[in-house]
Structures are given as structure tokens and as C-alpha cells.
Amino acid sequence: MLTDTIEPPAATTPATAIASDALTAAINEACQRIAPLWPLKHFVAVNPFLGFSGQSFAATTATLRRVAKVDMLMPRAFYRQALADGIITDDHVAAALARAPGNAAVPADVALATAALARDPAQRSGGPAVVATIAEVLDRLSAGDRQASRTAFMVDEISRWCAAYFDEGQASWQMPVRHMSPWAAWRETMKYDRGAEALGVKGFRRIVADLPADPVAAIGLIVAAIGIPQRAAADYLHRALFDIGGWAAYVRYLVWDNGLYGRQDRRLIELLAIRMAWGYALFRQRSDAQFQAAWAAEMQQAAQLPDDAGLSADPELAVDLLFQDAYEIAWQRQLLGKLARETQAPQPFKLPAPAGRTPLQAAFCIDVRSEVYRRALEQVAPGSETIGFAGFFGYPIEYIPIGRETGGAHCPVLLTPAFTISEMVNGAGADEEIEVLGLRLLRRRAAKAWKSFKQSAVSSFTYVETMGLAFAPKLVGDALGLTRTVSDPGTDGLDGDVIGKLGPRLEPRVVGGRMTGLTADQRLNQAEAVLKGMSLTKDFARFVLLAGHGSTTANNPHASGLDCGACGGHTGEASARIAADILNDPAVRIGLRSRGIQIPDDSWFLGALHDTTTDQIRIFDRNRVPTALHAELAELDGWLERASVLARRERSRFLDLDAPDGDIDAQVLRRSRDWAQVRPEWGLAGNGAFIAAPRQRTLGIDLGGRSFLHNYDWRQDDGFGVLTLIMTAPMVVASWINLQYYGSTVNNRVWGAGNKVLHNVVGTLGVLEGNAGDLKTGLAWQSVHDGEKLIHEPLRLNVFIEAPLAAISAIILAHPMVRDLVDNQWLHLWAMDDMGKVAHRYAGNGEWAAVD
């Protein structure tokens, strides 16, 4: 029975309820500002500022300083050091001033800008936000006492409840109210949870029980009761979610995923209600004049905030933005110099005409890590061509492993799977496939039983006592990197020979009540679209390698984040094998001929996987390669091995490996299975450019593994359908990746995952830094910093497209998502002319500026 009661304090401002429509709009706006966080099983890069894409980069920095008092720029000392080191010069500052908006807050000239940079602002991120929360005001009033931070306490309690409610299989004992919606489940749980009251929040259970059962009504009641002015409602609600930004982001992912399939999901609104209820309970604790006056002052300040509270209201922010622009201009000029090939004049594009047939065409994902390997392969296999294309190879699939009823979406998270493909045992009869299925299910049941034995409340003690010493040899071997094996989690420990037989089933078939596979027309249409998307419609080599990518790491909760983002946080194996199988299908090739694409009978497509941690290439389905091509296959193996060695040499410089050449290979391979290694590879750190143009434009240029390279020839793109796909999918995904690395670099506490060494997996869906606090988003500090210096530079993406200006502009105008990115300066857009020269920079609002 709920017996604790407490009288509410008098309202600090008139408790006038915000109109229903205005409240709904404020709630929706607050929720939309939260970017989604994908779970660990398919962790993909997300733009942490996605909810602000409708406003400019500069305006967002102002909003976040005002609402949450957080920075999305580097500390001022960073720009001062760049200026002292000559990275930023007066010329770069002058160029930034020329691009700056006409605003009185912007310094008038270089000298004034440099002088402004030299001083430290009186207040940056440490002070109270303009839109303050109740917990923050209480913490400020009690500064100096020994009571724990109300904000931290509240976040810990909400996080603990969310971990139990949203658990995806880690907990042995499930929360009994998980079948209920979050708001209903939380209110039910709080009937029996005395934790808040034990720690001083009087009457907490009664306060929660008295709130409306409808979460929107509860939010409305609280907003009115604490006197939030309508002007500040959206900002306050966003700030409330920002306090639990990690869990809000995960729930935003659930809402996002349901939205892709047209399903309604109110769980983020319900989480907001939970957070508001906590604030309301804290509000009910204080009725003294000191708190009432402090809170009234905060609400008055929020109500009087002008609508235009951007750079004009924060001249210090204008200085910081100016030098961020100058820093980016400095890097842009370096890249432009490389692309201009200063030692030679640009040449009109034409397909290379080797003396004989091209020995190899190798298509890789546009991932920046592929740029290093492509250069290496082109060096060891003269005359070969490499191609950049989205790593799902144009096949948006759900791939169902054998023995399962559902699978993962192997496509960019902006898309939904168009096809469902099930796994099969190649070359096996029904009896053998049933045997493999039985073996996999048996191993899963055994693993589940073993896990239960280790973790149950009683047997866990027996397990340690009886099995502890037996694990000593393995622990020693694993610690030394001698015995630990890193297998594909989808293999379920199956024998290597069996794994080698597993592959996609393309023929239409009902599996688990669902139709899987592709029809003949679907195969033909997709094959045509893929080849045109790669600008590969003629002059086919004997071997066309389609290399997806994945990674190999140990003891890494974010391992899927190193896999293919275009494949939805999975490896590119399934996509590459499906594409190769379809393009090798004689019926598909006959159909392609009728559409003007002639694939020679002796050309063969190979599905492969590039391990970005070890730079090894694995070719699949080798047993299907025609006998006549076995000699060429052996030659290809040699090229790939030599290219792998070169790629590992180049990457070793950034891994601080100081060893003879032969030992470097061994060290790189050892890092991939070292369970104590916090930097097995650098992922996409350093990314700064996206180039959609023929490979000839960048051939032979060392871009340092910092550029997404997408093959594109607009002359083969009738109607610019391929360009539209590039600008609305790969370009957007690359921007997401870039901004995730940017956010994790400029403010890792807010948009990153903190110290990887302190990570604890919660619910199998995310990590905490330590044993409490909010769910972490973004990348660990070790993913962008080597312990001494930043490996990733805080730069917005620079996109270079070789296509007519009119075509690029038309796509910008037709697609609001693209228009928001380029008009609001979330990326920099450049156009290359027919000679391959970077000739224009997008200046916003449909205007282009000529590049000298």
C-alpha cells in the first residue's frame, strides 16, 4: 500500500496547460531531435545530429549550447595549436571569413579573428543551460553538500530500469512486465520499488501512481504543473531526453525500425514521460522560497529567449565556427591539390585501352579502408581495374541462416529488404541439409544450457569451483594470442568443411511460411541495375571479383561496427556471393544481352570477403570456378596475397608497429585475435571525402585511406538514375559515418562511447562506461585517438561528383534529405567538370561558386 504522501509546492508560474496541438508538436519535435542508436548485434554509424538536419550546422551548435550546454566544436586550444603549427594560416582564415554569413558577431578581419581566438571565453560547457532541468537547478542550489547529484541519481535509476525492460537476452531472469508498454510497465514497477524513497525522494510511488495512465496526458500535466512556457516546451522536453540520451537513442531506433515498415511506435514518447515523471517527483520535494525563486527565474529566462538565438546571441560561438571552417578549408586545399595532379594537366576521361584484355576487375565497397587495398592491388596486378560500389552490391536482402526463421537486414538502414534469402548447404541432398540443421540446433541448445549452468543463481558457484582450474591453460593461451580463435558468430561452431558448403539459396522457396529467393525477372532486373550502378557494362575481364568486407576482432562489443554499414552492420559475404551467383547464371546473361550488356562466356564473377583487420581476401565458392580458369585463379591468389602484404605495411604505420617486414604481418594478424587489444584496426577513422567519378580521376593518387570512392560515369547514366541513387543513399550513409566520427571526436563524453576499457555490455544491446550511467552512443575514445594524438580529424565530409551541374542541382532540389545536408552545411559539395577538374563548390540555395 502506498502510504508516503507529500504536498505539492505552489506553482512558480501560472499553471496554464499548453494547448493540446502545441503540446503534441513540442513532444514530436523533441523526439525527432534524437538520433537512433542501433544495437550491438548490427551496430552501424549514425549521424548524431540527424534530428537537426533541417537546420544549419552553425544553428545546431547554437541550439545545443543553449539547450544542453554542450559543444559540437573542438576546444579553442585545438584551433590555436593548429594556427601555431601552420595547419591553419591567415589565408585559410581569410577564406573562412569570405564564406561567413554577414553577421555582426563575426570578426571583421583576420587580425580581429586571431585576437578573438587568443582569449578564452568566460563560460563554455560548464555552466547551467539556458533551458535548465529541475534536477540541474536542485544540484546548483545544493552545490557543496554531500548529497549525490540528483541528475546522476535520476539517470542511474532510469538506466537501470531500461536495461531490465529492453534486455535482448543477457538477463537470466526477465522483468515480468515486459509485455506492457514502457510507461505502463514503469508505473507498475514503481508501485513496489522503494529505491527512490530510500534515497530521499519522498512520496515517489504515490506521485507516480497519481499521474495519468496516458503518457501524453502525463507529460501535459507535468509541463503545466512546473510552469514550462510554451516558447520553451520543445527545448525543455528535448533537454529531458538529452539527459538519458543513450537510452532515448536506442528507443528512437526501435521507433525508426517500426516506421520503416509502416508501424506506429510510441515508446520514445513513453520514455519521455518516465523522464518527466522523475523530474516532477524531484520538483515536488521542494516548496521553499529559495527553490521557487530559482525555478521561476529559469522559466522566465526560457520564456523570454528570442526566437533568433543563434550566432548573433553568441559572438564567441561565431569565432569558434570561423576557425572550424578555416581548419576544414586547410584540409580541402590539400585534397584539391592532390586531385588536381599538380605535376600534370587533367586529361579528358576515356576508358583505358590495355594491350590485351583486362586481367582483373575487382569491385570493393566504397568504405575508406578499401581505398588502401585497391591501390595495393592495382600496383601488384598491372592493368587491372578496381571499382568502388556500395558493399551490399545493390541487393537489399534479409538473409536467414539455416536453422533460423528470421534473419538480419543486409542493406543500408535507410532501406528495407526487398528480398528474403535463406541459407542452404550447397551440393547437398535433403538428408544432409537436415543433418546440418540438426547439428546447428543441437549446438545452440548445448550453448544455451552451458550458459544457464554458468550464470544461474546456484550453479554458478559450483561452476567456478569445479571448472575454474580446467580453464587455466586456455586463459594463458588466449592471453598470449596463441589459442583464441575468432569465428563467425553465425557458424555456431560448425566444422570448417560444413561451413564451406553453406551459401545463399536463390531459387524461390517457402521457408518458415515465407517466400524466399528471387524470381527470374527479379534476378535479371537486379543484375542489370547492379552493373549499370558500377558503370560496368562492357569490356569484362576473365575474373570480376566482388569483394564485400568484414572484420575480425576479439572481445569487442562493437565488432559489428567494423563490418559493412551498407550491409546493415553485417559482413558483405552474403551480398557478394548472391551478386556473383546471379551474374554467373546463364539465363541472366542471356537476358542481359537483350538489354545491351554482353558478358563473355569465359568471364566469371567471384564472391569474396575483405577482412579489414588483417587485409586478407577470402574467395568463396572456388569449387564452382570452371576448370579452364584454374590457372588464372592461382595467379589471382598470388596478386591478392601480395596486395594484402602491401596494405598491411601501409596500415602498420598507424598501428605503431615497429618490426621487420615479416614480423609486421604476424603482428597485424595477432592483433585481430588479441582480446586485450583496444585498437585492432582504425575502422573509418580519418574519413573526409566521398568521390563519385571514374576511377581514372584518382588512379595512382595516395588518398591515405580517407576517401570513399564510388565509380561513376555520367555518360553511361541515361536520366541520371544512378546519380540519384548515389546522392540519396551512399552519399547520405557516408555523411552519417563522417558525422559519427566527428561527434565522437569533438565531444566524446556526449556523442561517443568513452573509454573502451571500462565498457560493460548491458542487455546485449549496448554498453555502459563503468557499472552505471546512461547507455553510451557513438565510438569509443580509442577509436579516434591513439593515446597521444587524434587519428580522426574533426572534418565534415567533402563530396566530389563528376556530373553536369544541372543534374546535381536537380537531384538536390527533388530530395529534401539531400537538400538539408548540402544547404545546411552538414557536408561540403564539389563538382568536377568533363576534364576531371574540381571546378565548382556548392554555395547553398542552388548556387555554385567557381573554384580558381
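Before reading on, note that the structure itself is shown above.
None of these values were measured; they are calculated from a predicted model.

1. So, the overall build of the chain
Line of reasoning, step 1. Counting its regular elements, the chain contains 31 helices and 19 strands.
Line of reasoning, step 2. Residue burial in the chain is summarised as follows: out of 852 residues, 57% are buried.
Line of reasoning, step 3. Sequence-distant contacts, at least 24 apart, represent 73% of the contacts inside the chain between residues at least 6 apart.
Line of reasoning, step 4. A total of about 35,500 Å² of accessible surface is found on the chain, and carbon and sulfur atoms cover 55% of it.

2. Quick word on the sheet that holds strand E12 (residues 689-693)
Line of reasoning, step 1. Pairing is mixed across the open sheet formed by six strands, whose spatial order is E13-E12-E16-E17-E18-E19. Two strands in the sheet have a free side with no partner beyond their single neighbour: strand E13 (707-711) and strand E19 (847-850). On average, each strand axis in the sheet is tilted by 25° relative to the strand beside it, whichever way the strands run.
Line of reasoning, step 2. Sheet analysis places E12 next to strand E16 (residues 798-802), joined by four bridges and oriented parallel.

3. Details of the pattern of salt bridges
Line of reasoning, step 1. Overall, the coordinates contain 52 salt bridges when judged by the stated rule.
Line of reasoning, step 2. Of the charged contacts, one joins Arg80 and Asp120 as a salt bridge, the two residues approaching to 3.1 Å between their closest N and O atoms. Of this pair, Arg80 sits in helix H3 (residues 76-84) while Asp120 sits in the loop between helix H5 (110-118) and helix H6 (134-141), and the two are 40 residues apart along the sequence.
Line of reasoning, step 3. Arg80 sits in the partly exposed class, given a relative accessible area of 25%.
Line of reasoning, step 4. Close ionic contact of Arg796 with Glu328 constitutes a salt bridge, the shortest N to O distance being 3.1 Å. Of this pair, Arg796 sits in the loop between strand E15 (766-769) and E16 while Glu328 sits in helix H16 (residues 315-340), and the two are 468 residues apart along the sequence.

4. What to know about H5
Line of reasoning, step 1. All buried positions along H5 are accounted for by Ala113, Ala116 and Leu117. One side of H5 carries all its buried residues, which in axial view fall inside an arc of 100°. Within H5, the exposed residues directed more than 90 degrees away from the buried face are Ala111 and Ala118.
Line of reasoning, step 2. Where the residues of H5 are buried, they touch H3, helix H4 (90-99) and H16.
Line of reasoning, step 3. With a side-chain oxygen lying 3.2 Å from the backbone nitrogen of Ala111, the N-terminal cap of H5 falls on Asp109.

5. Some words on the side chain of Arg671
Line of reasoning, step 1. Assignment of secondary structure puts Arg671 in helix H26 (residues 661-671).
Line of reasoning, step 2. In this structure Arg671 is buried but unpaired, with Asp674 as the nearest side chain of opposite charge at 7.2 Å.
Line of reasoning, step 3. Other than its neighbours up to four places away in sequence, Arg671 contacts Leu655, Leu657, Gln677, Arg679 and Pro680.

6. Remarks on the packing of H3 against H5
Packed helix pairs are specified by the crossing angle of their axes together with the interaxial distance, meaning the distance between the axes.
Line of reasoning, step 1. As a packed pair, H3 and H5 sit with axes 9 Å apart at the nearest point and diverge in direction by 130°. Between H3 and H5, the interaxial angle falls into the category oblique. The crossing of H3 and H5 is left-handed. Contacts between H3 and H5 involve Arg76, Tyr79, Arg80 and Leu83 from the former and Thr114, Ala116, Leu117 and Ala118 from the latter.
Line of reasoning, step 2. Tallied by class, the residues present in the contact of H3 with H5 amount to five nonpolar, one polar and two charged.

7. Regarding the pairing of E13
Line of reasoning, step 1. Among the five residues of E13, five are classified as buried, and the element is accordingly described as predominantly covered.
Line of reasoning, step 2. Along E13, one buried face is formed by Ser707, Leu709 and Asn711 and the opposite face, lined by Phe708 and His710, is buried too.
Line of reasoning, step 3. With five bridges joining them, E12 and E13 adopt parallel strand pairing. Bridge assignment links Ala692 to a residue of E13, and that residue is His710.

8. Points about the pairing of strand E1 (residues 360-365)
Line of reasoning, step 1. Taking burial as the measure, the six residues of E1 include six buried ones, the bulk of the element.
Line of reasoning, step 2. Once the chain exits E1 it traverses helix H17 (residues 368-380) before rejoining the sheet at strand E2 (residues 385-389), and the crossover so formed is right-handed.

9. Points about the nonpolar core
Line of reasoning, step 1. Ranked by size, the top nonpolar core spans 191 residues in total, and within it Trp186, Trp247, Phe690, Phe800, Ile808 and Leu829 carry the most contacts.
Line of reasoning, step 2. When residues no more than four places from it in sequence are discounted, the contact partners of Ile808 are Leu723, Met727, Ile801, Ala803, Leu829, Ala831 and Trp848.
Line of reasoning, step 3. Listed in part, the 32 residues of the second largest apolar core include Ile421, Leu524, Ala579 and Ile582.

10. A look at the sheet that holds strand E9 (residues 543-550)
Line of reasoning, step 1. Pairing in this open sheet of five strands is mixed, and the strands run E2-E1-E9-E10-E11 from one edge to the other. Of all the strands in the sheet, the pair left with one neighbour each is E2 and strand E11 (616-619). On average, each strand axis in the sheet is tilted by 30° relative to the strand beside it, whichever way the strands run.
Line of reasoning, step 2. Where E9 meets strand E10 (residues 604-611), eight bridges bridge the pair, whose relative direction is parallel. Across the sheet, residue Ala547 finds its bridge partner in E10, namely Ala608.
Line of reasoning, step 3. Each of E1, E9, E10 and E11 is contacted by helix H25 (residues 630-652), which is oriented at about 155° to E11, the strand it contacts most.

11. What about the packing of aromatic side chains?
Line of reasoning, step 1. The full count for this structure, using the stated rule, is 30 aromatic pairs.
Line of reasoning, step 2. Taking the centre distance of 4.5 Å and the plane angle of 40° together, the rings of Phe204 and Trp278 count as tilted. Here Trp278 lies in helix H14 (residues 267-283) and Phe204 lies in helix H10 (residues 204-209), a separation of 74 residues in the sequence.
Line of reasoning, step 3. With 6.4 Å between their ring centres and 25° between their planes, Trp714 and Phe720 make a pair best called stacked.
Line of reasoning, step 4. Given the relative accessible area of 21%, Trp714 is considered partly exposed.

12. Side note on the state of the cysteines
In protein chemistry, a disulfide is the covalent bond that joins the sulfur atoms of two cysteines.
Line of reasoning, step 1. By the definition in use, this model includes zero disulfides.
Line of reasoning, step 2. Left without a disulfide partner, Cys411 is nearest to the cysteine sulfur of Cys567, which lies 8.7 Å away.
Line of reasoning, step 3. Classification of Cys411 as buried rests on a relative accessible area of 2%.

Reading guide: rules and limits
Residues numbered from 1 in each chain as written. Predicted model: local features only at pLDDT ≥ 70, side-chain atom pairs only at ≥ 80, totals over all residues. Heavy atoms only, no water. Helix = DSSP H or I, 4+ residues; strand = E, 2+ residues; numbered from the N terminus. Buried < 20%, exposed > 50% of the residue type's maximum accessible area, 1.4 Å probe, protein only. Contact = heavy atoms within 4.5 Å. Areas by Shrake-Rupley, 256 points an atom, 1.4 Å probe, with all protein chains shown as cover. Pairing = 2+ DSSP bridges. Axes fitted to C-alpha atoms, helices over the stretch in contact; angles between N-to-C directions. Salt bridge = Lys/Arg side-chain N within 4 Å of Asp/Glu carboxyl O. Arc of directions from axis to C-beta. Polar contact = N/O pair within 3.5 Å; in protein donor to acceptor, adjacent residues only side chain to side chain. Lys, Arg positive; Asp, Glu negative; His and termini not counted. Parallel < 35°, antiparallel > 145°, perpendicular 65-115°, else oblique. Left-handed = near helix turned anticlockwise from the far one by under 90°. Nonpolar A, V, L, I, M, F, W, Y, C, P; charged D, E, K, R; others polar. Right-handed = clockwise from strand over helix to strand, strands pointing away. Core = buried A, V, L, I, M, F, W, Y, C linked by side-chain atoms within 4.5 Å. Phe/Tyr/Trp six-rings, centres within 6.5 Å; stacked < 30°, edge-to-face > 60°. Disulfide = S-S within 2.5 Å.

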